[in-house]
There are 2 protein chains.
Amino acid sequence: MNHTEPVSKVFYIAVYDITQPKRLAKALKTFRKYMNWVQNSAFEGELTARQFQDLKDELLKIINKEKDSVIFYHAEEQKHIGKKIIGIEKNEITQFY
Amino acid sequence: MNHTEPVSKVFYIAVYDITQPKRLAKALKTFRKYMNWVQNSAFEGELTARQFQDLKDELLKIINKEKDSVIFYHAEEQKHIGKKIIGIEKNEITQFY
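Here the structure is a predicted model, which is why all the values come from computation and not from measurement. (Residues numbered from 1 in each chain as written. Chains lettered and ligands numbered in written order. Predicted model: local features only at pLDDT ≥ 70, side-chain atom pairs only at ≥ 80, totals over all residues. Heavy atoms only, no water.)

Talk me through the pattern of salt bridges; I want residue IDs and the actual numbers.
Counting across every chain of the model gives eight salt bridges over all chains. With its nearest N and O atoms 2.6 Å apart, the salt bridge here joins D68 of chain A to R23 of chain A. Of this pair, D68 of chain A sits in the loop between α2 (49-62) and β4 (69-75) while R23 of chain A sits in helix α1 (residues 21-34), and the two are 45 residues apart along the sequence. Exposure class is identical for D68 of chain A and R23 of chain A. Each is buried. With a closest N to O distance of 3.0 Å, K83 of chain B and E44 of chain B form a salt bridge. Within this pair, whereas K83 of chain B is found in strand β5 (residues 82-87), its partner E44 of chain B is found in strand β3 (residues 42-47), the two being separated by 39 residues in sequence. (Salt bridge = Lys/Arg side-chain N within 4 Å of Asp/Glu carboxyl O. Helix = DSSP H or I, 4+ residues; strand = E, 2+ residues; numbered from the N terminus. Buried < 20%, exposed > 50% of the residue type's maximum accessible area, 1.4 Å probe, protein only.)

Right, here's the structure in full:
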(Lines give C-alpha, C1' and ligand atoms only; values in the text may rest on other atoms or scores of the structure.)
Protein backbone atom coordinates (compact mmCIF):
# COMPACT_ATOMS: atom_id res chain seq x y z
CA MET A 1 0.00 0.00 0.00
CA ASN A 2 1.46 3.32 -1.03
CA HIS A 3 1.29 5.85 1.81
CA THR A 4 1.38 9.11 -0.04
CA GLU A 5 2.75 12.05 1.91
CA PRO A 6 -0.20 14.18 3.32
CA VAL A 7 -0.37 17.35 1.21
CA SER A 8 0.52 20.30 3.45
CA LYS A 9 -1.94 23.16 3.67
CA VAL A 10 -1.38 26.82 4.54
CA PHE A 11 -3.95 29.04 6.25
CA TYR A 12 -4.98 32.10 4.23
CA ILE A 13 -7.00 35.22 4.92
CA ALA A 14 -8.04 36.97 1.72
CA VAL A 15 -9.12 40.61 1.75
CA TYR A 16 -10.30 42.16 -1.49
CA ASP A 17 -11.12 45.62 -2.78
CA ILE A 18 -12.92 45.19 -6.11
CA THR A 19 -15.12 48.10 -7.03
CA GLN A 20 -16.80 47.07 -10.29
CA PRO A 21 -19.92 44.91 -9.57
CA LYS A 22 -19.46 42.40 -12.43
CA ARG A 23 -15.84 41.73 -11.54
CA LEU A 24 -16.78 41.51 -7.87
CA ALA A 25 -19.50 38.93 -8.54
CA LYS A 26 -17.11 36.77 -10.56
CA ALA A 27 -14.39 37.10 -7.93
CA LEU A 28 -16.81 36.07 -5.14
CA LYS A 29 -17.89 33.02 -7.14
CA THR A 30 -14.25 32.03 -7.59
CA PHE A 31 -13.31 32.63 -3.93
CA ARG A 32 -16.22 30.45 -2.78
CA LYS A 33 -14.78 27.48 -4.65
CA TYR A 34 -11.67 27.59 -2.47
CA MET A 35 -12.32 29.52 0.74
CA ASN A 36 -14.94 30.34 3.38
CA TRP A 37 -16.76 33.64 3.29
CA VAL A 38 -16.16 35.40 6.61
CA GLN A 39 -17.78 38.76 6.12
CA ASN A 40 -18.02 41.48 3.49
CA SER A 41 -14.69 41.52 1.59
CA ALA A 42 -12.97 38.77 3.59
CA PHE A 43 -12.48 35.03 3.11
CA GLU A 44 -10.44 32.56 5.08
CA GLY A 45 -9.38 28.95 4.63
CA GLU A 46 -6.64 26.38 4.28
CA LEU A 47 -5.21 25.79 0.82
CA THR A 48 -2.57 23.55 -0.70
CA ALA A 49 0.07 25.24 -2.87
CA ARG A 50 -1.77 23.89 -5.94
CA GLN A 51 -5.12 25.29 -4.79
CA PHE A 52 -3.59 28.69 -4.00
CA GLN A 53 -1.96 28.86 -7.45
CA ASP A 54 -5.23 27.90 -9.18
CA LEU A 55 -7.18 30.50 -7.19
CA LYS A 56 -4.64 33.22 -8.04
CA ASP A 57 -4.65 32.28 -11.73
CA GLU A 58 -8.45 32.43 -11.88
CA LEU A 59 -8.59 35.77 -10.03
CA LEU A 60 -5.93 37.27 -12.30
CA LYS A 61 -8.25 36.59 -15.26
CA ILE A 62 -11.07 38.44 -13.47
CA ILE A 63 -9.65 41.50 -11.73
CA ASN A 64 -8.45 44.75 -13.25
CA LYS A 65 -4.83 44.86 -12.09
CA GLU A 66 -4.76 48.65 -12.17
CA LYS A 67 -7.90 49.17 -10.09
CA ASP A 68 -8.57 46.12 -7.96
CA SER A 69 -6.59 44.76 -5.02
CA VAL A 70 -6.56 41.31 -3.40
CA ILE A 71 -4.34 40.69 -0.39
CA PHE A 72 -3.59 37.20 0.84
CA TYR A 73 -2.25 37.00 4.39
CA HIS A 74 -0.94 33.55 5.15
CA ALA A 75 0.48 31.61 8.06
CA GLU A 76 2.20 28.25 7.90
CA GLU A 77 -0.13 26.94 10.58
CA GLN A 78 -3.52 28.15 11.66
CA LYS A 79 -2.39 27.97 15.28
CA HIS A 80 -0.15 31.00 14.60
CA ILE A 81 -3.22 33.15 14.01
CA GLY A 82 -5.81 34.05 16.63
CA LYS A 83 -9.17 35.66 15.91
CA LYS A 84 -11.26 38.09 17.96
CA ILE A 85 -14.63 39.38 16.82
CA ILE A 86 -16.62 42.37 18.01
CA GLY A 87 -20.17 42.82 16.82
CA ILE A 88 -21.85 39.94 15.07
CA GLU A 89 -20.10 36.94 13.55
CA LYS A 90 -21.47 36.93 10.03
CA ASN A 91 -20.29 33.40 9.28
CA GLU A 92 -19.23 30.91 11.96
CA ILE A 93 -16.84 28.56 10.25
CA THR A 94 -13.42 27.92 11.68
CA GLN A 95 -12.51 26.92 15.22
CA PHE A 96 -9.88 29.26 16.51
CA TYR A 97 -7.74 28.71 19.58
CA MET B 1 18.84 54.59 34.94
CA ASN B 2 15.70 52.49 34.92
CA HIS B 3 15.63 50.09 31.98
CA THR B 4 11.93 49.51 31.60
CA GLU B 5 10.95 46.27 29.95
CA PRO B 6 10.12 46.89 26.21
CA VAL B 7 6.32 46.68 25.85
CA SER B 8 5.51 43.67 23.66
CA LYS B 9 3.39 44.26 20.58
CA VAL B 10 1.15 41.88 18.66
CA PHE B 11 0.50 42.10 14.92
CA TYR B 12 -3.16 42.61 14.00
CA ILE B 13 -5.16 42.51 10.78
CA ALA B 14 -8.56 44.13 11.18
CA VAL B 15 -11.37 43.42 8.72
CA TYR B 16 -14.64 45.25 9.15
CA ASP B 17 -18.15 45.05 7.75
CA ILE B 18 -19.96 48.25 8.78
CA THR B 19 -22.83 49.16 6.51
CA GLN B 20 -24.16 52.46 7.89
CA PRO B 21 -22.08 55.42 6.51
CA LYS B 22 -21.96 57.49 9.72
CA ARG B 23 -20.82 54.55 11.85
CA LEU B 24 -18.33 53.59 9.15
CA ALA B 25 -16.81 57.09 9.06
CA LYS B 26 -16.41 57.12 12.83
CA ALA B 27 -14.92 53.62 12.84
CA LEU B 28 -12.39 54.56 10.12
CA LYS B 29 -11.36 57.64 12.11
CA THR B 30 -10.80 55.46 15.18
CA PHE B 31 -8.93 52.73 13.31
CA ARG B 32 -6.56 55.32 11.81
CA LYS B 33 -5.44 56.37 15.30
CA TYR B 34 -4.08 52.87 15.92
CA MET B 35 -3.52 51.01 12.66
CA ASN B 36 -2.51 51.42 8.98
CA TRP B 37 -5.15 51.47 6.29
CA VAL B 38 -4.38 48.67 3.84
CA GLN B 39 -7.30 48.76 1.46
CA ASN B 40 -11.09 49.07 1.59
CA SER B 41 -12.26 47.38 4.84
CA ALA B 42 -8.84 46.26 6.04
CA PHE B 43 -6.26 47.68 8.45
CA GLU B 44 -3.06 46.20 9.78
CA GLY B 45 -0.54 47.11 12.45
CA GLU B 46 1.25 46.24 15.68
CA LEU B 47 -0.49 47.06 18.94
CA THR B 48 0.29 46.69 22.62
CA ALA B 49 -2.34 44.99 24.80
CA ARG B 50 -3.29 48.46 26.10
CA GLN B 51 -3.69 49.91 22.59
CA PHE B 52 -5.78 46.93 21.45
CA GLN B 53 -8.08 47.26 24.47
CA ASP B 54 -8.50 51.02 23.89
CA LEU B 55 -9.26 50.46 20.19
CA LYS B 56 -11.85 47.78 21.01
CA ASP B 57 -13.49 49.96 23.67
CA GLU B 58 -13.76 52.91 21.26
CA LEU B 59 -15.15 50.73 18.46
CA LEU B 60 -17.71 49.16 20.79
CA LYS B 61 -19.12 52.66 21.41
CA ILE B 62 -19.44 53.20 17.63
CA ILE B 63 -20.65 49.98 16.03
CA ASN B 64 -24.11 48.43 16.14
CA LYS B 65 -23.41 45.03 17.69
CA GLU B 66 -26.37 43.41 15.96
CA LYS B 67 -25.50 44.63 12.45
CA ASP B 68 -21.78 45.39 12.22
CA SER B 69 -18.83 43.03 12.38
CA VAL B 70 -15.16 43.65 13.10
CA ILE B 71 -12.70 40.75 13.02
CA PHE B 72 -9.22 41.02 14.43
CA TYR B 73 -6.78 38.37 13.26
CA HIS B 74 -3.62 38.44 15.32
CA ALA B 75 -0.23 36.76 15.40
CA GLU B 76 2.28 36.91 18.22
CA GLU B 77 4.93 37.96 15.76
CA GLN B 78 4.63 39.55 12.36
CA LYS B 79 7.12 37.02 11.01
CA HIS B 80 4.41 34.35 11.39
CA ILE B 81 2.30 36.08 8.74
CA GLY B 82 3.24 36.46 5.08
CA LYS B 83 1.48 38.69 2.59
CA LYS B 84 0.89 38.30 -1.14
CA ILE B 85 -0.89 40.91 -3.25
CA ILE B 86 -2.46 40.62 -6.68
CA GLY B 87 -3.63 43.75 -8.46
CA ILE B 88 -2.56 47.08 -7.07
CA GLU B 89 -1.19 47.71 -3.59
CA LYS B 90 -3.45 50.48 -2.36
CA ASN B 91 -1.20 51.41 0.55
CA GLU B 92 2.46 50.36 0.80
CA ILE B 93 3.21 50.32 4.51
CA THR B 94 4.67 47.25 6.07
CA GLN B 95 7.70 45.25 5.01
CA PHE B 96 6.78 41.60 4.81
CA TYR B 97 9.23 38.71 4.62
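Could you give an account of the interface of chain B and chain A, with specific residues and numbers?
Between chain B and chain A, the residue contacts involve 38 residues of the former and 38 residues of the latter. Buried area between chain B and chain A, summed over both chains or domains, comes out near 3400 Å², and the portion from carbon and sulfur atoms is 58%. Broken down residue by residue, the surface that chain B buries against chain A is led by Y73, K84 and I86 of chain B, which jointly contribute 23%. Scanning the region where chain B abuts chain A turns up zero salt bridges. Seen at the junction of chain B and chain A, the total is 26 residue pairs in polar contact (both at pLDDT 80 or more). The set of elements that each furnish at least two residues to the side of chain B that touches chain A consists of β1 (10-17), β2 (36-39), β3, α2 (49-62), β4 (69-75) and β5 of chain B. Per-element tally for the side of chain B that touches chain A: the top contributor is β4 of chain B, with seven residues. (Contact = heavy atoms within 4.5 Å. Buried area = accessible area lost by both parts, 1.4 Å probe. Polar contact = N/O pair within 3.5 Å; in protein donor to acceptor, adjacent residues only side chain to side chain.)

How would you explain the packing of aromatic side chains if you had to name every residue and give the values?
Applying the stated criterion to the full structure yields 14 aromatic pairs over all chains. Summarising the aromatic geometry, the rings of Y12 of chain A and F72 of chain A are spaced 6.2 Å apart at their centres and angled 90 degrees between planes, so their arrangement reads as edge-to-face. Separated by 60 residues along the polypeptide, Y12 of chain A in strand β1 (residues 10-17) and F72 of chain A in strand β4 bring together distant segments of the chain. Each member of the pair, Y12 of chain A together with F72 of chain A, is buried. For the ring pair Y16 of chain B and F43 of chain B, a centre distance of 6.0 Å and an interplane angle of 40 degrees mean the geometry is tilted. Note that Y16 of chain B is positioned in strand β1 and F43 of chain B in strand β3, a separation of 27 residues in sequence. In this structure Y16 of chain B comes out as buried when scored by relative accessible area, which is 5%. Chaining the aromatic ring pairs together yields one cluster made of Y12, Y16, F31, F43, F52 and F72 of chain A. (Phe/Tyr/Trp six-rings, centres within 6.5 Å; stacked < 30°, edge-to-face > 60°.)

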